[in-house]
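The lines below spell out each chain.
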Amino acid sequence: MSQSPTVVYIGGTGRTGSTTVDQLAGQLPGWFSAGEMGWFWQLAVGANGRCPCGRIVPECEVWSAVLARVVDGTSMGDDVASVAAHMTEARRTFHSVHLPAMVLPGFSRRRLGRMQSYLDTQRLLYDAIGEVTGARVIVDSAKEPHYAFLLRQGAGLDIRFVHLVRDPRAVGYSWGRRKQETGLEGDRVMESRGVLRTSAYYLVSNIAAELLWRRHRRQYCFVRYEDFVADPVGTLTSLARFAGDERDEATLPPPESDGGWGLNPAATHTAWGNPDRIGRTSLRIREDTAWRGGLPAWKAWLLTIINLPLVWRYGYPMRPSGRVAPAARSGRLRASSIGPSRQ
Ligand SMILES: [Zn+2]
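The paragraphs below set out a description of the structure included in this document. Predicted, not measured: the structure shown is a model, and the values here were computed from it.

1. Quick look at the environment of glycine 234
On the secondary structure map, glycine 234 appears in helix H11 (residues 232-242). Separated by 17 residues in the primary sequence, glycine 234 and threonine 251 have C-alpha atoms spaced 8.5 Å apart.

Laid out in structure tokens, this is it:
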């Protein structure tokens, strides 16, 4: 078997623009935008999720070839449906509610012992993606820091953790909106969350991301979504270097005349993530300011106060109406760095 691909894992909390970063990173030569692999078996495969190429994931040209390789190599089942069912069941044992315990000594070791067949099969999954697509780097935007940590500890994969954060007021606004889930068949609405639940996830996920990953200096880097929006080409070029891809061509071409990067839907296979990934023909990266006008003032202040330690740590303005100061344009992400101004 060829060498396993590097996994660039976009971690943190939800609604941070991770699917957009995932898909744009997938435009780098030799990179593949896989989507949220932590939900692959349950939703993309088990619930017949839609692939941007137009087929359901189990019937997609790329994913069906990937799935055939995984079924061949795993002891989790004899066909796609039984492997998906076993993997979904195993996945239930480490949801976000287990996250606080993950940082306790000994917990992850005990958990790893029970998760080994799951992790072995996930390793097969990433290897198969590399074999089918020829990609040397796979982008996974599953967010959960503990899932990536288990993969690192138990699957023997080279995981590069990109800690992606976004202003908590923008995150809170996004979670509060009701949005159609077009990635699944039928009339479904995406989960929405109130201010308190959004903040609990924001705090726990981001603090856990640092506790679990920041000490692995070579495998951790910090990115604010706002800085990515301000300089997508520079950010992704830096990400390529962070992922160990030193090739000169590992960079994005300049955007097209409309300011976006063209996507060929038929060749786009981001299996799970924000439903915006479906039907996109162009990736236009611009600041989303809807939250500034759409978020009630009391919610904005409540999000600010509850998340104040991270608002400060990540360099966001204390006043919700304040502007986000750009990070220093070093032209290179600093592994293990935190925020634009606070180390
Ligand atoms: Zn597809």
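2. Some remarks on the coordination of the zinc ion
Surrounding the zinc ion are the protein donor atoms Cys51 (SG), Cys53 (SG), Cys60 (SG) and His269 (ND1), at 2.1 to 2.4 Å. Classification of the site at the zinc ion as tetrahedral follows from its four donor atoms and the range of 95 to 123 degrees in their angles at the metal. Sequence spacing among the residues donating to the zinc ion works out to C-x1-C-x6-C-x208-H. Remark: histidine 269 occurs in the loop between strand E6 (260-262) and strand E7 (282-284) and cysteine 60 occurs in the loop between helix H2 (40-45) and helix H3 (61-73); sequence separation between them is 209 residues. Look at histidine 269 and you get buried, because its relative accessible area is 8%.

3. Observations concerning the sheet that holds strand E5 (residues 220-224)
The strand order E2-E3-E1-E4-E5 describes an open sheet built from five strands, whose pairing is parallel. The outermost strands of the open sheet, each flanked by one partner alone, are strand E2 (31-35) and E5. Adjacent strand axes in the sheet meet at a mean angle of 25 degrees when their direction is disregarded. Note: strand E1 (residues 6-12) against strand E4 (residues 159-165), six bridges, orientation parallel. Looking at E4, one finds that glycine 12 is bridged to leucine 164.

4. A look at the pairing of E5
With five of five residues buried, E5 lies mostly within the body of the structure. Of the two faces of E5, the one carrying Tyr220, Phe222 and Arg224 and the one carrying Cys221 and Val223 are both buried. Summarising the sheet, E4 and E5 pair through five bridges and their orientation is parallel. Counted as the bridge partner of histidine 163 is phenylalanine 222 from E5.

Scoring rules and cut-offs
Each chain has its residues counted from 1, following the order in which its sequence is written. Two thresholds apply to this predicted model, a pLDDT of at least 70 for residue-level local features and 80 or more for giving and counting side-chain atom pairs, whereas whole-chain, interface and lining totals are computed over all residues. Excluding hydrogens and water, the side-chain figures rest on all heavy atoms present in the structure. Secondary structure elements follow DSSP: runs of H or I no shorter than four residues count as helices, runs of E no shorter than two count as strands, and numbering proceeds from the N terminus. Listed donor atoms are N, O and S within 2.8 Å of the metal (Na, K and Ca: 3.2 Å). As water is not included, a site may look incomplete. Any site counts as irregular unless it has four donors with all angles between 85 and 135 degrees, making it tetrahedral, or four or six donors with opposite ones more than 155 degrees apart and the rest between 65 and 115, making it square planar or octahedral. The cut-offs for exposure are 20% and 50% of the maximum accessible area for each residue type, with area from a 1.4 Å probe on protein chains only; residues under the lower value are buried, those over the upper are exposed, and the others partly exposed. DSSP calls a pair of strands paired once it identifies at least 2 bridges connecting them. Each axis is a line fitted through C-alpha atoms, taken for helices only over the stretch in contact, and angles between the N-to-C directions span 0 to 180 degrees.

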